[in-house]
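An overview of the molecular structure
Each chain is listed here by its residues.
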Amino acid sequence: GGNAGGVGPGAGRGRSKASKPGAFDLGQGGGAASSYTPPTVYVEPADDTNPLDIPRPPVYSSKAEEVRIGHLEHFNMGSILRVRAAAEKLVNELDEYYGGKDRATAMLVGSWQAQWMLGEDFEFLDEEGMRARGSDDDDDSVEDDDDADDDGRRRTQGQPGVGRRLDKAKRAEKKAKKAAAKLAELDANHTTAKNRKKKGAKEGKVLVDPDGMDEDELALHHQRRKQRTTKLVTTVARALLNPLQDKFVIGTIGSSVAAGHDNCHYDSYESQLERTLFPVFAAGSMSLIVQNAGEGGGCGDDHKNQVFCITHDVSPDVDIIHYSWTYFEKGTPEVQREQLIRWAQMMPKRPMVHHLVARGKSNTCEGDNAANVELDGRYAPYGYNAFCIQTGLYAGGHDYDGELEEGINRFGWQFQGDGYHNTTRYGELLDDGDPRKESLGTVYRNWHPGPLGFQIASDAFSYVYATAVLKALELMEKDIMSPDKPDIWDRWFRRTDYPPGVGDDEEEGSARRRDDGLLRRRAQQFDLSRSHDWLEEHIPPASDLPPPLFCDPLYCTVPHPPSCTNYEEPTFGEAGIPVQSMGGWKEMVDENKWSNMVGKVDTKIIKAMHDPQWERRCKHLDACGGVYAQFNTAGQLVYELPASRMTAGLVFVCGCCGKNVGQSMFLDNDGVVFRLNGRVLDKADMDVYPTRKCVRLLKGFGGDYVREDTMHLTVEITDVDDPDVAYEDKPAGVKISHIVAL
């Protein structure tokens with residue numbers, strides 16, 4: 001499935017039916033839309049499947065396909081029935097697999113860092129509700145004292161109810177006190193966890209506990225749950241209803257954990273997620289694509305530079321972004337998480353960011369960290385959330401700590417069985433003597449999760465997304481059945497006008513019939529970018545983003561995401577900084593064997609198969625790369641910076657390959673010169689940023705550095721190839737892996 005069988009976007013997209021009816025797919029395919037045939041009659045369901053008490057007649061239609069939704073031709077009542085059948089089938093299978101709905105919900109929904117509202121208490125918010133913010137999101141430049149009105153604004157002489165702004169010094173003092181309080185809280189939490197001396201996954205002090213909240217705090221907590229879930233439900237509904245969209249795309253950036261190292265790529269959580277969730281979207285005549293742009297640490301990258309390349313690493317029109325940098329996030333990772341959340345809101349579909357943590361606390365998915373909690377609250381309307389593998393496993397009730405006392409560590413290296421299952425679902429379909437069946441039961445290969453560890457991550461995303469689909473369908477059907485006959489478009493889209501051609505008859509009075517080529521023809525006629533104005537969803541516009549909590553406002557309060565050209569593989573988007581001239585510079589990408597970073601266990605198993613197809617399934621996509629020159633004979637490498645999109649003025653380059661090459665390759669190397677529009681840039685003004693493999697050439701507009709209509713960045717090597725110098729003593733040259741402009 002997905003990109004597991006080839007290299008680059010679109011590779012290995014073929015699907016076929018699962019080998020066993022009703023079984024979870026082994027990977028040959030995720031099923032097709034035709035697997036879910038709508039019933040010929042619409043029978044009144046049992047009460048427990050109708051939580052919204054939607055009025056329905058015993059028989060709705062003998063031909064559900066003819067019941068249209070507003071002006072839509074591609075999605076109708078038959079579509080709702082098919083998608084609902086597929087989503088319910090998946091949710092029910094996962095409920096059964098994990099031992100019942102209560103346990104499945106606890107593990108796959110309730111263990112996330114911030115709470116969802118996907119049960120019967122779900123409440124869809126309108127635009128006003130999505131804009132509402134809590135008191136801790138307010139501008140703290142308004143003084144709060146005893147002389148304030150009930151609405152929190154200070155009374156001033158002659159201007160009752162008008163806020164008085166604190167002067168700059170007082171605002172700075174207030175912010176410093178808040179920051180000190182946060183640090184003290186963090187230190188206390190870490191000290192408490194350290195002193196517990198608990199074996200296995202540590203416990204954390206849960207900072208968001210509804211049981212300990214007062215009435216106002218609880219109201220704010222539930223408001224954020226509603227906002228977070230409304231964004232999720234809106235995302236899947238918008239995709240299903242959009243006549244110009246035929247695929248749902250989840251794009252992942254991350255480290256070797258995201259890449260799936262020490263496993264076959266086929267067993268990464270992204271590949272499992274694509275196979276598990278695919279039937280739900282296939283039932284709506286859509287494909288599901290999960291892009292895996294995870295990059296191993298050998299190239300020297302980390303979260304600090306890779307978040308800048310989100311629009312090149314994954315498709316710019318992704319519906320959801322996944323982020324996973326466990327083991328790299330030292331110091332202040334909340335800066336990069338916030339950057340990514342905010343930049344995502346500048347992308348066409350304004351995707352949610354969901355964070356996967358390879359470990360986690362036993363009682364909370366990093367909800368003991370004040371910075372995480374602040375991000376959860378501030379960006380609830382934008383759907384931000386996180387899932388931790390170990391937290392999800394603990395939530396099922398298995399006594400991991402008791403087993404540790406008996407010498408059983410299920411989170412140790414190469415341990416088979418997570419306490420609930422001994423192998424993955426697709427592993428259960430293999431013969432008992434198949435060595436791969438045992439390998440698929442590995443929870444952690446080492447620090448990297450194994451296939452069974454990845455499975456719960458895949459299942460958590462699948463369960464939450466499929467449940468959101470069911471909530472979206474309930475709302476669609478409620479509107480259809482409402483006696484008020486509201487326009488279904490109004491709930492999901494900001495405007496009620498339609499793109500040209502949507503719903504128009506070829507001739508008046510002609511029968512409306514589904515045309516399988518309709519979507520393709522419309523996509524050819526109407527570029528996706530032209531649909532953004534009428535497809536904007538009911539959440540606060542990007543211009544309404546709250547002030548940043550952690551990231552530099554210069555870089556994360558911008559109208560566009562960063563522009564990036566990344567020479568590593570894989571990338572699923574488009575290079576954001578075009579090359580005007582390469583001269584003699586050469587693009588180079590490592591050519592890895594299929595077994596590279598697969599791990600010894602699976603390499604041995606797959607080699608014994610002598611099966612080229614399985615070798616392709618196992619091969620990882622990530623590879624180091626760059627554009628390289630060694631001597632002055634290479635000439636100039638000229639980039640055309642995206643001047644019209646540059647509002648901050650940031651420009652940085654990264655080197656290949658290694659974590660510390662920025663200083664030596666660029667700053668200390670007298671043989672490389674950078675010019676902007678012909679003017680040599682002074683290296684004294686440069687610094688290592690945002691990580692050690694990169695150097696910031698320009699920090700921001702100011703002084704003599706101003707934005708111009710055309711901005712050309714030139715890189716030139718001045719070293720001469722001296723034939724009298726031994727090869728090992730010649731200069732190493734320059735290899736650029738990334739260039740970024742903001």
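Everything that follows concerns the structure shown earlier in this document.
Let me sum up the structure you'll find in this document. Small disclaimer: the values here were computed from a predicted structure and weren't measured.

1. What to know about the packing of aromatic side chains
Tallied over the full model, the rule gives 26 aromatic pairs. Arranged with centres 5.0 Å apart and planes meeting at 90 degrees, the rings of phenylalanine 308 and phenylalanine 652 form a pair that is edge-to-face. In this pair, phenylalanine 308 is assigned in the loop between helix H8 (303-306) and helix H9 (310-313) and phenylalanine 652 in strand E11 (residues 651-655), connecting sequence segments 344 residues apart. Classification of phenylalanine 308 by relative accessible area gives buried; the value is 1%. With a centroid separation of 6.0 Å and an interplanar angle of 85 degrees, the aromatic rings of phenylalanine 411 and tyrosine 444 are classed as edge-to-face. Of this pair, phenylalanine 411 sits in the loop between helix H13 (400-405) and helix H14 (425-428) while tyrosine 444 sits in the loop between helix H15 (435-439) and helix H16 (451-481); the two residues are 33 residues apart in sequence, bridging distant segments of the chain. No difference in accessibility class separates phenylalanine 411 from tyrosine 444, as the two residues are buried. Three or more aromatic residues joined by ring pairs form one cluster here, namely Trp112, Trp116, Tyr269, Phe387, Phe454, Phe461 and Tyr465. Here arginine 275 stacks its cationic end above the ring of tyrosine 426, 4.9 Å away from the centre of that ring. Taking the ring centre of tryptophan 614 as reference, the NZ or CZ of arginine 617 above it sits at 4.6 Å.

2. Section: the sheet that holds strand E3 (residues 320-324)
The strand order E2-E1-E3-E4-E5 describes an open sheet built from 5 strands, whose pairing is parallel. Both edges of this open sheet fall to strand E2 (287-294) and strand E5 (385-388), since each of them pairs with a single strand only. When strand polarity is set aside, the average angle formed by the axes of neighbouring strands in this sheet is 20 degrees. By the bridge criterion, 5 bridges tie strand E1 (residues 247-254) to E3 in an arrangement that is parallel. When the sheet's bridge partners are listed, glycine 251 is paired in E3 with isoleucine 321. Relative to the sheet, helix H7 (residues 269-282) contacts E1, E2, E3 and strand E4 (352-357), its axis offset from that of E2 by approximately 165 degrees.

3. Overview of a negative patch on the surface
On the surface, Asp214, Glu215, Asp216 and Glu217 cluster together to form a negatively charged patch. With respect to the secondary-structure elements, aspartate 216 resides in helix H5 (residues 215-241). Take aspartate 216: its relative accessible area is 63%, and that puts it in the exposed class.

4. Side note on the sheet that holds strand E12 (residues 672-676)
A sheet is described by the order of its strands in space; here 5 strands give the open sequence E7-E10-E16-E12-E13, paired in antiparallel fashion. Taken across any chain shown, the strands that pair with only one partner, and hence form the sheet edges, are strand E7 (579-581) and strand E13 (679-680). Alignment of strand E10 (residues 636-641) against strand E16 (residues 711-717), held across 6 bridges, turns out to be antiparallel. Bridging across to E16, tyrosine 639 finds its partner in leucine 713.

About the criteria used
- Positions within a chain are numbered from 1, following the residues in the order the chain's sequence is written.
- Given that this is a predicted model, residues contribute local features only at a pLDDT of at least 70 and side-chain atom pairs are listed and counted only at 80 or more, while totals for whole chains, interfaces and linings are drawn from all residues.
- Side-chain figures throughout are based on the complete set of non-hydrogen atoms in the structure, without hydrogens or water.
- Stacked, edge-to-face and tilted are the three classes for Phe, Tyr and Trp ring pairs, Trp counted by its six-membered ring, which pair at centre distances within 6.5 Å; planes under 30 degrees apart are stacked, over 60 edge-to-face, the rest tilted.
- Secondary structure elements are defined from DSSP: runs of H or I of at least 4 residues count as helices, runs of E of at least 2 residues count as strands, and each element is numbered from the N terminus.
- The buried label goes to any residue with under 20% of its type's maximum accessible area, the exposed label to any with over 50%, and the partly exposed label to all in between, with areas taken from a 1.4 Å probe on protein chains only.
- Here, a charge over a ring means that NZ of Lys or CZ of Arg falls within 6 Å of the ring centre while also lying within 35 degrees of the ring normal.
- The pairing criterion is simple: DSSP has to find at least two bridges between the two strands.
- Note on definitions: angles span 0 to 180 degrees between N-to-C directions of axes, and those axes are lines fitted to C-alpha atoms, for helices only across the stretch in contact.
- The contact criterion used throughout is that any non-hydrogen atoms of two residues lie within 4.5 Å.
- Every patch collects residues that have over 30% relative accessible area and no salt bridge, joining them within 9 Å if they carry like charges and within 5 Å if they are nonpolar side chains (Val, Leu, Ile, Met, Phe, Trp, Tyr).
- Note on areas: Shrake-Rupley with a 1.4 Å probe; residue coverage comes only from the protein chains shown.
- The salt bridge definition used is simple: a Lys or Arg side-chain nitrogen within 4 Å of an Asp or Glu carboxyl oxygen.
- Counting rule for charge: Lys and Arg are taken as positive, Asp and Glu as negative, and neither His nor the chain ends is counted.
- Every charge is mapped to an atom, namely NZ of Lys, CZ of Arg, CG of Asp or CD of Glu.

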